[in-house]
Every structure is written in C-alpha cells, then in structure tokens.
Amino acid sequence: MNPAISTGGRAAPRTSIYPHRSVRSVQLTRARRRVAWIVAFCAFLLVGYYAVPLMALHSALADRLLEWTGIPRADWEPVAVFPGLEPGSGPIVRVPTFAELSGGARLGLIFGIVGLLLLTARFLLFRNLGHFLIVLLAVSAVVTGLFDTFRLDSRVFGQIWLRQELLVWLLMPFAGVVLFLLPQPRLGVGLGWMVLAQVYGFLFSVVRFVFCVGMLHYAGLVFMPLLWFALGTLSDLLFLLFFFSVSIYQTSGRLWGGRNSWQL
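Residues numbered from 1 in each chain as written. Predicted model: local features only at pLDDT ≥ 70, side-chain atom pairs only at ≥ 80, totals over all residues. Heavy atoms only, no water.

A short note on the pattern of salt bridges
Here comes step 1: Counted according to the given criterion, the structure contains 3 salt bridges.
Here comes step 2: The shortest N-O distance in the salt bridge between Arg-208 and Glu-165 comes to 3.4 Å. Of the two residues, Arg-208 is situated in helix H6 (residues 187-219) and Glu-165 in helix H5 (residues 154-181); the sequence distance between them amounts to 43 residues. Both residues of the pair, Arg-208 and Glu-165, belong to the buried class.
Here comes step 3: We note a salt bridge from Asp-236 to Arg-208, for which the minimum N-O separation is 2.9 Å. Placement of Asp-236 in helix H8 (residues 233-256) and of Arg-208 in helix H6 is noted, with a sequence separation of 28 residues between them.
Here comes step 4: Judged by its relative accessible area of 3%, Asp-236 is buried.
Here comes step 5: Of the residues examined, Arg-208 reaches a relative accessible area of 2% and is grouped as buried.
Here comes step 6: Where salt bridges share partners, they join Glu-165, Arg-208 and Asp-236 into one cluster. (Salt bridge = Lys/Arg side-chain N within 4 Å of Asp/Glu carboxyl O. Helix = DSSP H or I, 4+ residues; strand = E, 2+ residues; numbered from the N terminus. Buried < 20%, exposed > 50% of the residue type's maximum accessible area, 1.4 Å probe, protein only.)

Okay, structure coming up:
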C-alpha cells in the first residue's frame, strides 16, 4: 500500500514512518507495556535487594579464576560501593609502577601500537577507531613514564569496577524490556532473553575483571586506558546489542521465514 494518500493527483506527505520491521508484527498494547515495566521494576528491586550477595558471588568467582590462571593475590578486602548497597570486596594484587615494568610489558606496548598501525593501514573501516586506540596507548605511555612512581591500588580498581557493574546490573532490566520483552511476540521468550542477558552480563563481568586485574599485575597502568575503553561499559552495551540482534533474527525467521525476513 502506498504510504502517501493521493489527494487531487498529488501525494500527501505522511506524518509518521513505518515501524521498524523488527517490531512491525508486535502488538504493543497498553496492557503489554504495563506488564513489561512491572517486570523491569521487579527485576530492578530484586537485583538491588540481593546486591551484596551478588557482589560476593562476583568476587568468589573472580578469586577462583585468578587462582586458575595463576595470578597471585594476597587476599580480598571490603570496599565501599554505594550507600545501602555494600560492602563489596577488592583483590590485593601487586601492581608495578612504570619504572618496575618488565621488558616484555614494554615490548608489548610497542608491538601493540605497531599492530594497530598495521590494522588501520589494512582496514579502512577500522582507521578512526585504530587511531583513537593508538592515541590512548601513546598518552598512557607518556603519562605513566612521566609519573613513573604512581601506583594504582588493585583494591581501588575492584571498587571502581563493582560500582560500574552494579549500575549496569540495576539498569539492565529496563534495557531488557526495550530490547527483548516488548519486541518479542511471546512474553515467555522475551523473559528468557532478559534472564539470559542478565546472567551472561554477570559472568562476562567476572571474566573481564580478572583479565584487567591480570594486566594490572603484569603490565601496570600502561594498557589500562585502552582496557577500560574496550572492556568497560562499552562491552556491556555491545553484548546487549548482540543479544538483541540474535533475538530479533530468530523471531523474524519464525514469523516470516528466514529467507523473507530481511526483505520486510
């Protein structure tokens, strides 16, 4: 059907656009929207109520992974997170200054910059991002070289990480409503995607945290700006969008067929 209504031989402009094909067959009724936001609010309260046990589980899994990877840690100490949602715990891991870095870490910095330069020369789409990452590494090397006695406490890093991730866990139910619950024709499927995203985000946080702590222990602060950019909140956003794309692809295939879904 023509989106414009013909009037007197001329097409009258539309005042709105078609809904995106990912939600074109979804009936967003008032009752459905109410149920979705009630589910999100209840999940938000549940995460807030169990915030301390969740952070304790996060630290316990991270401790097991640190032990498995052979990264030495002395102990875990309590850290303040948010008033009413604490304590968490941060690992006690030795973090070297720039002056104490091994030759391997310094070579890793050089190889990292050279590798990014090669990637930017080879892939045009990666050029802007690659240049930005090179600047991050170069600035980090200069700053840590000038202030070569500065040392970041690993316990403070654990505190910062928990503050960031706890906010993500609290806000993820509301993002899940928009990305998974409302676009899905079946409520149970949307709830399943929401739970899967929440669990995956929690476990993914443990792995990223352990990797960053290991880099802190072996390479100091040289790679930390790049790691924080790549493995911080941006990683949470990217995996949510990946889950959303997969869920919409599967739903579109069921509704219209895998071959025709992209044409609608």
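The structure having been displayed, the exposition proceeds.
What about the environment of Gly-214?
Here comes step 1: Tracing the chain through its elements places Gly-214 in helix H6.
Here comes step 2: Counting along the chain gives 144 residues from Gly-214 to Gly-70, while the straight-line C-alpha distance between them is 9.3 Å.

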